[in-house]
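What follows is each chain in one-letter form.
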Amino acid sequence: MTIKKRLMGAAAVVALLAGAASAESITVGYFLEWPMPFEYAKAEGMYEEAMGVDINWVSFDTGTAMSAAMASGDVQLSVSQGVPPFVVAASAGQDLQALDVAVSYADNDNCVVRSELEIDKDSAGELEGKKVAVPLGTAAHYGFLKQMDHFGVPLESLEIVDMAPPDGAAAIAQGAVDMACGWGGSLRRMKEHGNVLLTGAEKEELGILVFDVTSGPAGWVAENSDLVAAFLKVTAEANAMWADEANQSKMLPVIAKDAGMDEAATAETMATFVFPTAEDQLSAKWLGGGAADFMKGVADVFVEAGSIDAALDSYADHVNTGPLASAGSM
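Calculation criteria
For every chain, the first residue of the written sequence is number 1, and numbering continues from 1 onward in sequence order. Given that this is a predicted model, residues contribute local features only at a pLDDT of at least 70 and side-chain atom pairs are listed and counted only at 80 or more, while totals for whole chains, interfaces and linings are drawn from all residues. Only heavy atoms go into the side-chain values, all of them from the structure, while hydrogens and water stay out. Segments assigned H or I by DSSP are reported as helices when at least four residues long, segments assigned E as strands when at least two residues long, and all are numbered from the N terminus. When accessible area is computed with a 1.4 Å probe and restricted to protein chains, residues below 20% of their type maximum are described as buried, those above 50% as exposed, and intermediate ones as partly exposed. Whether two residues are in contact is decided by their heavy atoms, any of which lying within 4.5 Å being enough. Strand pairing is assigned whenever DSSP detects at least two bridges linking the two strands. Simply put, an axis is a line fit to the C-alpha atoms, just over the touching stretch for a helix, and the angle between two N-to-C directions goes from 0 to 180 degrees. Taking the helix axis as origin, the arc is that swept by the directions to the C-beta atoms. By salt bridge we mean one thing: a side-chain nitrogen of Lys or Arg within 4 Å of a carboxyl oxygen of Asp or Glu. The definition used for a disulfide is geometric: two cysteine sulfur atoms within 2.5 Å. pLDDT: the predictor's confidence for each residue, scored from 0 to 100.

Draft legend 1. Broad picture of the environment of Ala98. Summarising the element assignment, Ala98 is placed in strand 4 (residues 96-104). A residue is classified by how much of its surface remains accessible, and Ala98, at 0% relative accessible area, is buried. Here the alpha-carbon distance between Ala98 and Thr214, two residues 116 residues apart in the chain, equals 5.9 Å. Contact partners of Ala98, with chain neighbours within four places excluded, come to Phe86, Val213, Thr214, Met295, His318, Val319 and Asn320.

Draft legend 2. Looking closely at the sheet that holds strand 2 (residues 54-60). Sheet architecture is open: five strands sit in the order 2-1-3-10-4, paired in mixed fashion. Unpaired on one side and paired on the other, strand 2 and strand 4 mark the two borders of the sheet. Neighbour-to-neighbour, the strand axes of this sheet turn through a mean angle of 25°, independent of strand direction. Relative to strand 3 (residues 77-82), strand 1 (residues 25-31) runs parallel, the two being bridged by two bridges. Looking across to strand 3, one finds that Gly29 is bridged to Ser78. The strands that helix 5 (residues 63-71) touches are strand 1, strand 2, strand 3, strand 4 and strand 10 (211-217); relative to strand 3, the one it contacts most, it runs at about 150°.

Draft legend 3. Summary view of helix 5. For helix 5, the set of buried residues is Gly63, Met66, Ser67, Ala69 and Met70. Viewed end-on, helix 5 has its buried residues packed into an arc of 165°, placing them on one side of the element. In this structure, the buried side of helix 5 is in contact with strand 1, strand 2, strand 3, helix 6 (83-91), strand 4 and strand 10. At the C-terminal side of helix 5, Gly73 shows a positive phi close to 85°.

Draft legend 4. Spotlight on the pairing of strand 4. The buried fraction of strand 4 is high, at nine of nine residues. As paired elements, strand 4 and strand 10 share seven bridges and run antiparallel to each other. Across the sheet, residue Gln97 finds its bridge partner in strand 10, namely Gly216.

Draft legend 5. Fine view of the pattern of salt bridges. Evaluated as defined, the whole model comprises seven salt bridges. Its salt-bridge partner being Lys233, residue Glu237 comes within 3.5 Å of it at the nearest N-O pair. Of this pair, Glu237 and Lys233 both sit in helix 12 (residues 225-243), four residues apart, which is roughly one turn of the helix. For the residue pair Glu237 and Lys233, the accessibility class agrees, reading buried in each case.

Draft legend 6. Looking closely at the state of the cysteines. The tally for this structure, following the rule as stated, stands at one disulfide. A sulfur-sulfur separation of 2.1 Å characterises the disulfide bridge that pairs Cys111 with Cys181. In this structure the cystine formed by Cys111 and Cys181 twists about its S-S bond by roughly 105°; its chirality is therefore right-handed. Placement of Cys111 in strand 5 (residues 109-114) and of Cys181 in strand 8 (residues 179-183) is noted, with a sequence separation of 70 residues between them. For the residue pair Cys111 and Cys181, the accessibility class agrees, reading buried in each case.

Draft legend 7. Just the confidence of the model for the chain, in detail. Confidence in the prediction for the chain averages 92 pLDDT; 93% of positions are at 70 or higher. Predicted confidence is poor over residues 1-22, with pLDDT under 50, and the contacts of this stretch with residues over four places away or in other chains come to 43 contacts.

Draft legend 8. Expanded view of the sheet that holds strand 7 (residues 159-162). Here we have five strands laid out as an open sheet, ordered 7-6-8-5-9, and mixed in their pairing. Two strands in the sheet have a free side with no partner beyond their single neighbour: strand 7 and strand 9 (194-196). Taken over all neighbouring pairs, the strand axes of this sheet differ in orientation by 25° on average, direction set aside. Both strand 5 and strand 9 contribute to a ladder of three bridges, which runs antiparallel. Each bridged residue has a counterpart across the sheet, and for Val112 the counterpart in strand 9 is Val196. Against the sheet, helix 7 (residues 139-151) makes contact with strand 5, strand 6 (131-134), strand 7 and strand 8, and its axis sits at roughly 135° relative to strand 8, the strand it touches most. The sheet contacts of helix 9 (residues 184-191) involve strand 5, strand 8 and strand 9, and relative to strand 8 the element is tilted by about 145°.

What follows is the structure in structure tokens.
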């Protein structure tokens, strides 16, 4: 069976869904330099074929920008939105829902200290008084807050500048900041000029989980649940394809081109990613309870840091397993 045929597993239901779907076209947000199996399906037009709608793909620099675009109605789905920006939006009253676990990546989201400072985890206290580039309200921001708390570095002692990862990478390269936080290609460029304080494994030991979700506005998802299920079905099948190493040589160049990266960097980045199966995502560890609990923890940290005014009592209503569960029966 060809990759195209397997990725079109959801296409068989399109005729049944066509009457129910209220959208003729949708806009989906994603990140450049953030290579994932879904980009193979994206580049090959598999989503459009499976869903029966036109898709306008728009790239973003941060998850906070994704939230704003979904709030305005300009974007209907966002692939790989970080949990922290999702939580910030939900805490502010935006009715977003997490629809799947897009990727887990503890080693691909971090903060880098400029080499000249010669500061590592054993001397992290020397960061006091330093200038730090952080994309506020993102997964990198959450990890930064948790690491500073772990090392006992008072936030008020730092000059924190809100910068998207590409800008932070440029700033640390120019020596304009002492530390910068980010992910993907930006993180790789940051590492050319410095070092991380903690590895992904060391962060996970501190409870700093790093994962993204596919998200969408609750109202739109409710009105287009069949379309959402078909979208998630294609994503899950693309992930399953990538998990089979026999397919990677065919998929890698397509994913790399779509992500705006070379193949070596794409392979290196994806080697640090974990793409949970739909079955795993629906388990108690993830969407079956763990994700909502983690969101609450993220929100409480942001409240303590003064980044948001208040946390919700629970984020369970912002996790919708319906479309993903339906995708499994297509």
